[in-house]
Structures are given as structure tokens and as C-alpha cells.
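So you can see what is in the structure, the chains are spelled out below.
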Amino acid sequence: MSAQQPYSFFHSVERSFDKAAKFTKWDLGILEQIKACNSVYQMRFPVKRDDGNIEVIEAYRVQHSHHKAPCKGGIRFSDEVNQDEVMALASLMTYKCAIVNVPFGGGKGGIKINPKKYSEYELEKITRRYTSELVKKNFIGPGIDVPAPDYGTGAREMAWIVDTYASLKPGEIDAAGCVTGKPITQGGVRGRTEATGLGVFYGIREVCNMPEVMKKQGLSVGIEGKTVVVQGMGNVGFYCAKFFREHGAKVISIAEYEGAIFNANGLNEEEVFAHRKATGSILNFPGSENLKINTDALELECDILIPAALENVINGQNAPRVKAKIIGEAANGPCTPEADEIFAQKGILCVPDMYLNAGGVTVSYFEWLKNLSHVRYGRMEKRFNENMNMQIIKQMEDLTGKSVGDAQKKQIVHGADEQELVHSGLEETMITATREIMDVWMSNPEIPDMRTAAYVSAINKVATSYAELGIFP
Ligand code: GLU
């Protein structure tokens, strides 16, 4: 809670849920069950710092819903971690998975540390200890609860987790499925790293391809030429900027906590990233203008604004000054319910987090399936498809007497590899989810915004699955 935010993050998720629940037919008891966090595990454990001092670490794992197993959701390392935040994020995971038809309950974990203040060795000790605490309480496992990266964590931490888990569970053949977002060599899947950013791109592209929606926003159809502002240059923000730029949009501003930069002709995220690495800051990037404070970027005139960092950055205070026509919530919970009200009045279309940033968990699902099947995607069919396609081309050439050019032949014959299959599965998931939510929204003129429509869709799916289990006849 803060001056701008008079209630907690979890409460703000509950408020959005309640707003949507009115548009469903479910009894209060069912809605209460869906909303509640089923299990909250708060732990404290000691770690010996490199200087010899002992520090007590505070950490959490929350399982919001067991309507499907396993639970799924990332682990964040941040100074700001607290029980309420982890509960809110775990709840969002339940709704997110339901919307994109990923068969998991929601979960989330957090360790209250600033990873920048710890050595790699200390981080490894903390991650491994956290994992063994989860094992002790049966809070992790391929069929129980499957963590993944989140703010402040990545493939390295996931490798420590799977290694700790596997060593405590000798002979468990599916041990690799206890966590996702792993390095490829440890059972990861190709395409997971860029998945959240790519999912955001696919989702927004689908919205931008809807002529009636674009007309309402006063924009032309398609991504090409759109001006984009990205807040956050972590994994998600970086890949958002990359995919929008590669598809013809102009990323006019990038913001990080040290400040923001602006260039009306567009920025290249790879160059900005390299500059930040070399100088320690995105500021003073050649050819661009520095913005005084990073939050100024959120108020720039642009077509698409992508908050890709932390929660509550657009709230009742600054939302009236936001000039974007579309907001794509790449982060979890970047806009508060007050901001939603203001967007509705101003006609700003806010494409909600719990479906738009579902690319990460969608590809995590593909990774988990790969771990359970113990085979790389494409391994069985790639050659077979190539041989079949070659036969078809040969037949066509014989029948028509014309030959297909080499480059074209290569393109047609080509069998899909793991990354292409993952991207294609993600594209299908995001397009379907976008259309489903839009259909819910359009089917009831009383539904005020896309977030509410997304919640309606999620609540209906979770409630139906409870009802089908016979829990709520
Ligand atoms: N941390 C990501 C999220 O918030 C990914 C979760 C996962 O892959 O389980 O969606």
C-alpha cells in the first residue's frame, strides 16, 4: 500500500475479479472459492554471506488454486517481495492459465532479496536452500507445483532448482518437469527465453488486426508504423521492443529505473542494451534525448505503451496524463483499478496482463510436456515431413513439366524444428485467446473493459472445471 495506492495488490486483483464476477452466473460460494488462495507457505532460513555473517532470508510460495494440477508460476527475487504481492501474483497465474487453456492452477514464489547485492555463490546457496524447503513441505514437483523465472530470476536459477530437486529425489524420471525456464542443456525448450515478449507482440498484433477495434482507437490496421514506448529493459521489455521493431513499429522511447530515452525516429533495443551494459545506464544513448524521470516515458504521445516492469506503475495519479491509445500490459499488474476507470473514460484500450503476458507460461507448458515426454519437439517428424514434401514437389514438377526454384523448394520442403513449433504453438494460443476475450467483451455491452472480459472468461473456465469435478454440482 502507498499514498497512490490505498489498498494492497492482492486486494486490487480481488476488486477486478469482483467487477467481472457480476457478469457471470456463478453462486457467491463458488466465486469465493475461486478467489481464495488455497495454500500460503512463508519460510525463513539462514544463509552464510561471503563475509561470514549469517542472514535470515524471508521467502514465500503461494498456491492459489488446485482446480488443476500442478500449480504453476514464477519465482521472483526482489526487495519488494511480501506475502500480499505473492498472493496477488499467484491469483493472476490461475486466471492467466485458464484464459490461454494451459491446464495448471496458479502459483507464485518470492524471495525477499535484491539479487544485485549478492554474489553468484550466495544466490546459488539461497536458491538451493529455498528449493529444499519446498521439497520438505511437498511444495514442488512435476505433478505438484512447477516454478519458473520471474522478475530477478532466469535460466541460471532454474538450473539450480532442478539440480537440487533431482538430487533430493533420486530416480524420479520426470524430475526435469519440476521447474520450467531451464537452460536447454538442463531440459529447457527452445523459444522459452523470448516467449513472454513474443506473446505480447502476437496479442497486440491480433488486436491491431481488428479493423473495428482500430477504428475506435483512431488507428490504422496493422503494426507497421505504430509508435511504441517500452518501460523496462528486462527480458520481457527487451523482446517486446525487438519484435515490434522487427515488424515495422517504431520504438520511440525506452525507460529503465535510472531514466528514459527518446528518439522520434525509433530506437534499436540491441544497441540500447549494449550501451547500458557498457556505461551502466540507458541515459545518454547516442542520437536520443534523455527524459528527466523514467515515469515521463509513460506519459508520452504514442500509439502503444508497454509497461514491462513492475506492478502499480500506472495509477489514479498519472493515468489522466497517459496519452497512449493502446496499453499492452507486459508486466503483471502495472495498471491499478483506478487507472482502468480513467482509461475507460478516455477511450484508451488496455490489453490486460493476465492474458497478454501469458506467453511465458504457455511456453513453460510446452517445456513441461517436453520433459514428461522426454523427447525434443520435431525430433520424430522433421525428416519425415521433409521427405514427404520433397516427394510432393517432385510429383508436381513431373506433372507440370515446370521446376520449382531452389529457394522456394527449400522453404516448402523444410520440416519445422523445436523453436518454430514452439513459436507456432504460442502464436495460435495468443490469437485464440485474443479472439475469445474480444467475443466475451462484444457479446455484452455492459462489460466496461477488456480486463473485465478476460476475468469473465477466466472465471467461467475455472468455475466450469470445479463444476465438472462435481465439487459444485
Ligand atoms: N513468471 C511468468 C509469469 O508471470 C512465467 C510463469 C511460468 O512460466 O510458470 O507468467
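Keep in mind it's a predicted model, so treat the numbers as computed, not measured. (Residues numbered from 1 in each chain as written. Predicted model: local features only at pLDDT ≥ 70, side-chain atom pairs only at ≥ 80, totals over all residues. Heavy atoms only, no water.)

A. Seen up close, the packing of aromatic side chains. Scanning the entire structure with this criterion turns up twelve aromatic pairs. With 5.2 Å between their ring centres and 90° between their planes, phenylalanine 238 and tyrosine 239 make a pair best called edge-to-face. Note on accessibility: phenylalanine 238 and tyrosine 239 belong to one class, buried. Members of the aromatic cluster, connected to one another through ring pairs, are Phe104, Tyr365, Phe366 and Trp368. Here the basic side chain of lysine 25 rests over the ring of tryptophan 26, its NZ or CZ set 3.7 Å away from the ring centre. (Phe/Tyr/Trp six-rings, centres within 6.5 Å; stacked < 30°, edge-to-face > 60°. Buried < 20%, exposed > 50% of the residue type's maximum accessible area, 1.4 Å probe, protein only. Lys NZ or Arg CZ within 6 Å of the ring centre and 35° of its normal.)

B. Spatial organisation of unusual backbone geometry. Cis geometry is found at the peptide bond from alanine 69 to proline 70, where omega equals 0°. A positive phi angle, near 60°, is found at asparagine 284, a position not held by glycine. You can see asparagine 284 is positioned in the loop between helix H9 (269-279) and strand E10 (289-291). In this model, histidine 374 sits at a positive phi of 60°, which is unusual for a non-glycine residue. Residue placement: histidine 374 occurs in the loop between helix H12 (359-373) and helix H13 (382-400). (Helix = DSSP H or I, 4+ residues; strand = E, 2+ residues; numbered from the N terminus.)

C. Quick peek at the site of the ligand. Lining the immediate surroundings of the ligand are 14 residues, of which Lys72, Lys96, Pro149, Asp150 and Ser364 lie closest. In this structure, proline 149 approaches the ligand through a main-chain N or O atom, which is 2.8 Å from a nitrogen atom. Within the contact set of the ligand, an oxygen atom lies 3.2 Å away from a side-chain nitrogen or oxygen of asparagine 332. Surface burial for the ligand is 94%, taken as the share of its 290 Å² of free accessible area covered by protein chains. If you list the elements that add at least two residues to the shell around the ligand, you get helix H3 (83-99) and H12. Residue contributions to the shell around the ligand peak at three residues, all from H12. Looking at side-chain class alone, the shell around the ligand contains four nonpolar, five polar and five charged residues. (Near = heavy atom within 4 Å. Polar contact = N/O pair within 3.5 Å; in protein donor to acceptor, adjacent residues only side chain to side chain. Areas by Shrake-Rupley, 256 points an atom, 1.4 Å probe, with all protein chains shown as cover. Nonpolar A, V, L, I, M, F, W, Y, C, P; charged D, E, K, R; others polar.)

D. A look at the nonpolar core. In terms of nonpolar packing, the biggest core is built from 95 residues, with Ile204, Phe244, Ile306 and Tyr355 touching the most fellow members. The biggest single contributor to this core is H3, with eleven residues. In contact with isoleucine 306, other than residues within four places in its own chain, are Val200, Val228, Val229, Val230, Gln231, Cys240, Phe244, Gly328 and Ala330. Grouped together as the second largest cluster of nonpolar side chains are 26 residues, Ile75, Leu123, Tyr165 and Cys178 included. (Core = buried A, V, L, I, M, F, W, Y, C linked by side-chain atoms within 4.5 Å. Contact = heavy atoms within 4.5 Å.)

E. Region of the structure containing H12. Between its first and last C-alpha, H12 extends 21 Å over 15 residues, near the 21 Å set by a 1.5 Å rise per residue. Burial within H12 is extensive, with twelve of its 15 residues counted as buried. Residues Gly359, Gly360, Val361, Thr362, Val363, Ser364, Tyr365, Phe366, Glu367, Trp368, Lys370 and Asn371 constitute the buried set of H12. Tucked inside the fold, the buried residues of H12 contact strand E3 (71-72), H3, strand E6 (145-146), helix H6 (195-208), helix H11 (353-356) and helix H15 (418-443). Histidine 374 sits one or two residues past H12 and shows a positive phi near 60°. (Expected span 1.5 Å × (residues − 1).)

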